[in-house]
Amino acid sequence: MDQRIAHPAPYFDPAELRRELTQLHMAKDGEPGGARPAVLARLKALLKLARETARQQLDADGDGRGCAAGLSRFADELLHLVFDYTVFHAYPSGNPSSAEHMAVVATGGYGRGLLAPRSDIDLLFLIPYKQTPWGESVVEHMLYLLWDMKLKVGHAVRTVEQCLRLAEEDMTIRTALVDARMILGSETLFGDLQRRFRDEVIRRTSRAFVAAKLAERDERHRRTGESRYRVEPNIKDGKGGLRDLHTLHWLMKDLHEATPGERAVEKGIFSPAELRAFRKCDDFLWTVRCQLHFIAGRAEERLSFDLQPMLAESLGYKEHGGLRGVERFMRHYFLIAREVGSLTRVVCAALELKQLKAEPLTQKVLARLSWEERARLRRRTDFRIENGRLNTVTGQVFRQNPTNLLRLFQIAEEYDIEFHPDAIRLVRQSLRLIDERLRSDPEANRIFVELLTARAGPERTLRAMNETGVLGRFLPAFGRVVAMMQYNMYHHFTVDEHSIRSVGVLSDIEVGRLVEEHPLASQIIKDVQSRKALYVAQLLHDIGKGRKEDHSIVGARIARGLGERLGLTKAETETAAWLIENHLVMSTFAQSRDLADPRTISDFATIVQSPERLRLLLILTVCDIRAVGPGVWNGWKGQLLRNLYYETEPILAGGHSRQGHEEQLAAAEIALRRVLADWSEVELQRFLARQHSSYLLRTDPARQAEHARLIARTEQRARTFGFEVRTDAFTAVTELSVLAPSVKGLLALFAGACAAAGANIVGAHISTTKDGFALDTFLLQREFDEDDERRRATRIGETIGRLIDGSVTLEKLLSRRARPRGGAALFKLEAEVVLNNGLSDALTVIEVAGLDRPGLLYELTSALSELGLDIVSAHITTYGEKAVDVFYVTDVEGRKLDDVGTQAAVRARLEQVLRVG
């Protein structure tokens, strides 16, 4: 066990407390049952005082590991106290037989001498050969006292033989016994357990134990999220958390009878620098964990959004350099997690090389690489393959030629081979060699760009370069965003991890792995001429984050400064910079603008200017959204991007494929005839006669056909209201098309019905027939399987009908709605309302942005209806906790909102809605 200093403990005088408990016992005439309430109350007060004192000390010195060690020593003394009270007063045994001896043993984390404020106390009651009535009573009395103190106690009562047998059968029990530590009782019993456990279990099962611990680590990472850069990490079980350090501790202790201390250095497991890094990580994580338990008041291990600001404040992180205190704290956390990952890789790779883990990849590599290939590698480079891993020839290869710091990754990518732990150690020790001289070296930059654009897949290589520190040193601007967290619910990963993931998506698209998910991007990437610029832009698109200036502008400036150094031509540099500066433009237009409005397409085309840039921007946008995190990309976003691309491409191609208005209408009619081939000419003309030309031009033929059939079915039933449901797994939306008499505030009614059903609206297509009927299609985020989605949308459609005929009111529906507790309430966002008459030739565009909440869209659309505005189209988008809704509107006479007073009234009313709730 690490012998670093613990906080003062046990926070009480043991002798004085024993006398006090004895007096309480005697005050009740020696009746244990009578004294129990008073004893319990005293012990509870003692526990409360110990925790309060520990927290005060932690706040004063910031030493979480010392806090955990102090609480462990307190628990030791508390158990001594409880045991003594039990055997002297509750169940005294004047002359105990050998069978009535026992040892109380700490196991697990408590056995290591560390106890977080709300962690479990794991105990083993070790008995000689069978349980006796006296022993059973003692154990039960102790446990009930501890449980009634609200302590979480895990326990087992076993003999030495039972411990050994179960340790061979169950790796969890075996692991717990690795850290077994005697608290009180029979030293003979405990010594027997330790000796036999070492001789009969550890020495016979080391290979299986190592394999099991590493497999357990992999499964834990899979369960808690593969990336150590998730923005709500689990500090105990997550990747780069305390459990990874525990794993190193277990393996060292099991294999080398050494813990991560000076003996680990003596045995060559750790270098002195790695030992210092281990202790730094351990200290930091224990400090955060202890504070987390104190703040949460429970054994909380997840750094959730609601707790992160409180932790940052308690640990003293302040706003600085464009980052909030909470973002600086989380960046520190992720840097520590990365360091833990580096230590884990080095030690685990070393174990593989000692063949303590079954058949890693050595045989695969040896089978793939002939002796001649390995010899040729040795002759032509400063590297060699050692035990199936890539290593350096000597410890001077980076000092002699710093370009080798990049060449190492190039060879690993070329041979698809893992790194030798000694090579990784040497890289980390040589980072200072990455200076301005190396950064300006043409060969080093050529290698880097070659790695970035490698067709074999650059993501793994970039991540390895990032985690060893090479990437941030070679590109200092990228180093600024390493481990940078953005405190919001939209981004799932740190900036550097997101950027590397986006490059991985780009590579997957290029090699054809994502054709089904991204058909357009997979097709047009074959025509891209500026491939190198695209990859550079993809890696650097968020490199300007964390500064006060717009990150897109900062990123473009950085790219212009890097282009020549990276070997890009002036044209490629300008293309990369343009992509970075405009990397949010296409998603904003697609999700927040009316794609049926010609002005939207012309404005977008003016920004893009060329077919090549359009292709590049579409691909970069897809990769950016895909890499944000699970569930952020969906098919509906893909459809919007494709629609914008298809509308814009003919304009940028020279306009030759753009048809005149009449030709477009004629083409739309021909397309509709194809999908309604079973309709008579009379039926078809009747439907066409009811539609405005704008509807026919902006609505795809398949949806027009669905609308036509909906109208026909509704009329056959002699009704004026009808609806149709269609689900689409590819676009990840459920479409609900509604036919109803055009009433003011129909969108508000629909939004209210959705709010009552808990459905999330992602878009709406609003249209009105010439004879006064609303023909609207609403798009709901798909959340369930086909049948459940259809049932939910059907219920919403029926509810809209009841709202229209007045048989139910929105107030009644919404009053029944359970308002879910969402994480968005943790964040503060300023309400924004922007009215713009320049984005559409005929309509005023209102963009509102603010904190999302259930029913917000209903409240906004109701307010617009109350203001007498007609909503022509709506575009609904959420970015985590932030809602961005855009409405194309006119006044009651169908005109833009030109009056300044009207604009001010609209802005004030919508800002009021955003601020309420």
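Starting from 1, residues in each chain are numbered consecutively following that chain's sequence as written. Note on the predicted model: pLDDT of at least 70 is required for a residue's local features to be given, and 80 or more for side-chain atom pairs to be given and counted; whole-chain, interface and lining totals, by contrast, use all residues. Side-chain figures throughout are based on the complete set of non-hydrogen atoms in the structure, without hydrogens or water.

**Notes on the pattern of salt bridges**
A carboxyl oxygen of Asp or Glu within 4 Å of a side-chain nitrogen of Lys or Arg is what we treat as a salt bridge. What the rule picks out here adds up to 60 salt bridges. Notably, a salt bridge pairs Arg 196 with Glu 200, separated by 2.8 Å at the nearest N-O pair. You can see Arg 196 and its partner Glu 200 sitting in helix 8 (residues 187-224), four residues apart, about one turn around the helix. The cut-offs for exposure are 20% and 50% of the maximum accessible area for each residue type, with area from a 1.4 Å probe on protein chains only; residues under the lower value are buried, those over the upper are exposed, and the others partly exposed. Residue classification places Arg 196 among the buried residues on the basis of a relative accessible area of 16%. In this text, helices come from DSSP runs of H or I with a minimum length of four residues, and strands from runs of E with a minimum of two, each type numbered from the N-terminal end.

**Here we look at the nonpolar core**
Here, the term nonpolar core denotes a set of buried Ala, Val, Leu, Ile, Met, Phe, Trp, Tyr and Cys residues that are joined through side-chain atoms within 4.5 Å. Counting 190 residues, the largest nonpolar core has Leu 43, Leu 123, Phe 448, Leu 618 and Ile 619 as the members making the most contacts within it. For this core, the element with the most residues is helix 3 (residues 64-90), which contributes 13 residues. Apart from the residues within four sequence positions on either side, Ile 619 is in contact with Leu 506, Ala 521, Ile 524, Ile 525, Val 528, Leu 534 and Gln 538. If you look at the next biggest cluster of nonpolar residues, it comprises 50 residues, including Leu 736, Ala 740, Phe 750 and Ile 761. When checking whether two residues touch, look at their non-hydrogen atoms; a contact exists if any pair is within 4.5 Å.

**Section: the packing of aromatic side chains**
Note on aromatic contacts: the rings of Phe and Tyr and the six-membered ring of Trp form a pair at centre separations within 6.5 Å, being stacked when their planes are under 30 degrees apart, edge-to-face when over 60 apart, and tilted otherwise. Applying the stated criterion across every chain, the model contains 11 aromatic pairs. Arranged with centres 6.5 Å apart and planes meeting at 45°, the rings of Phe 383 and Phe 398 form a pair that is tilted. Highlighted residues: Phe 383 in strand 5 (residues 383-386) and Phe 398 in helix 16 (residues 397-400), separated in sequence by 15 residues. The exposure class of Phe 383 is buried, given its relative accessible area of 0%. Ring centres of Tyr 645 and Tyr 646 lie 5.8 Å apart, and the angle between their planes is 80°; this geometry places the pair in the edge-to-face category. A relative accessible area of 7% places Tyr 645 in the buried class. Among the residues examined, Tyr 646 registers a relative accessible area of 48% and is labelled partly exposed. Charge over a ring is defined by NZ of Lys or CZ of Arg lying within 6 Å of the ring centre and within 35 degrees of the ring normal. Seen from the ring of Tyr 110, Arg 181 lies directly overhead, with NZ or CZ sitting 5.2 Å from the centre. Above the ring of Trp 250, the side-chain terminus of Lys 213 is found at 4.7 Å from the ring centroid.

**Some thoughts on helix 29 (residues 585-592)**
For helix 29, the buried fraction is high: seven of the eight residues fall into the buried class. Every buried residue of helix 29 is listed here: Val 585, Met 586, Ser 587, Phe 589, Ala 590, Gln 591 and Ser 592. Contact partners of the buried residues in helix 29: helix 30 (598-608), helix 31 (611-626), helix 32 (635-652), strand 13 (870-879) and strand 14 (882-890).

**Concerning the pairing of strand 1 (residues 103-106)**
Side chains Ala 103 and Val 105 project from strand 1 onto one buried face, and the interleaved Val 104 and Ala 106 project onto a second face that is buried too. At least two DSSP bridges between two strands are required for those strands to pair. Across four bridges, the pairing between strand 1 and strand 4 (residues 181-185) is antiparallel. Within strand 4, the residue paired with Ala 106 across the bridge is Arg 181. Sheet topology note: the strand 1/strand 2 (residues 121-127) ladder contains four bridges and is antiparallel. Paired with Val 104 across the bridge in strand 2 is Phe 125.

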